[in-house]
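# Chain and residue survey
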Amino acid sequence: MTVSVFVGASVDGFIARPNDDLDFLPEGGGEPHGYDEFIASVDALVIGRKTFEKVLTFAAWPYGDKRVVVLSSRPVDLSAAVGGVVEQMAGPEAEIVSQLAATGAHHLYVDGGITIQRFLRAGLIQRLIITRVPVLIGDGVPLFGALPRDIRLRHVATRDYPSGLVQSEYHVDG
């Protein structure tokens, strides 16, 4: 099982504003920067409830027929994801990965601030693709939070794009 993160962040490290707004991100994702190829390689997405609720405000369901797992210990109204293949799970991150692997998933995409942080702390993420958006927003939802130990990363590649996006890929050592 490979567990990956593909995320956009302000240069000062925020993935959303304090009110969860994403208005600093390029309209429509901006120029092509590998997302389409990445999402095509994914078997399932794992997102938190807050990320799910934010995605529901988009004009259209962005994940097509990809399997989306919403993590929440409280009931979530999944029927609002019109056209989506959505289910809910709860429990320890390692258990969730095991359950998804048992159903045939090989590549998971983890998204959402708290969810990314929990999976990192649990040592379950192998690949990080972080696209820095050329803006400082000063405050918001941080990409990374407190960690119980250092997490060593091995740099794979950095690409820059005409719009000013800078994307770095890392593999998590260990």
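Let me sum up the structure you'll find in this document. (Residues numbered from 1 in each chain as written. Predicted model: local features only at pLDDT ≥ 70, side-chain atom pairs only at ≥ 80, totals over all residues. Heavy atoms only, no water.)

### Structural notes on the overall build of the protein
Per the secondary structure count, the protein includes 4 helices and 10 strands. Listing each helix as α and each strand as β along the protein from the N terminus yields β-β-α-β-α-β-β-α-β-α-β-β-β-β. Over its C-alpha trace the protein gives a radius of gyration of 16 Å, about what one expects of a compact globule, namely 16 Å for 174 residues. The principal-axis extents of the C-alpha atoms in the protein amount to approximately 40 × 40 × 30 Å. Here the protein holds 174 residues, and 40% of them are scored as buried. Counting only contacts in the protein whose residues sit at least 6 apart along the sequence, the fraction spanning at least 24 positions is 66%. (Helix = DSSP H or I, 4+ residues; strand = E, 2+ residues; numbered from the N terminus. Rg over C-alpha atoms; globule rule 2.2 N^0.38 Å. Buried < 20%, exposed > 50% of the residue type's maximum accessible area, 1.4 Å probe, protein only. Contact = heavy atoms within 4.5 Å.)

### What to know about the side chain of lysine 66
Relative to the elements of secondary structure, lysine 66 occurs in the loop between helix 2 (49–55) and strand 4 (67–71). We note that lysine 66 is buried and unpaired, the nearest opposite charge coming from aspartate 43 at a distance of 6.0 Å. Only 2.5 Å separates the side chain of lysine 66 from the backbone oxygen of valine 42, close enough to count as a polar contact. Excluding its chain neighbours within four sequence positions, the residues that come into contact with lysine 66 are Ile39, Ala40, Val42, Leu45 and Val85. (Lys, Arg positive; Asp, Glu negative; His and termini not counted. Salt bridge = Lys/Arg side-chain N within 4 Å of Asp/Glu carboxyl O. Polar contact = N/O pair within 3.5 Å; in protein donor to acceptor, adjacent residues only side chain to side chain.)

### A few points about the sheet that holds strand 9 (residues 153–160)
Within the open sheet, the 8 strands sit side by side as 5-4-3-6-1-7-10-9. Their pairing is mixed. A single partner strand is all that each edge strand has here, and the edge strands are strand 5 (85–89) and strand 9. Recorded for the sheet is a direction-independent mean angle of 20° between the axes of neighbouring strands. In the sheet, strand 1 (residues 2–10) pairs with strand 7 (residues 127–133) via 7 bridges, with the strands oriented parallel. Directly across from alanine 9, in strand 7, lies its bridge partner arginine 132. Running over the sheet, helix 4 (residues 113–121) touches strand 1, strand 3 (44–48), strand 4 and strand 6 (107–111) and is turned about 125° from strand 6. (Pairing = 2+ DSSP bridges. Axes fitted to C-alpha atoms, helices over the stretch in contact; angles between N-to-C directions.)

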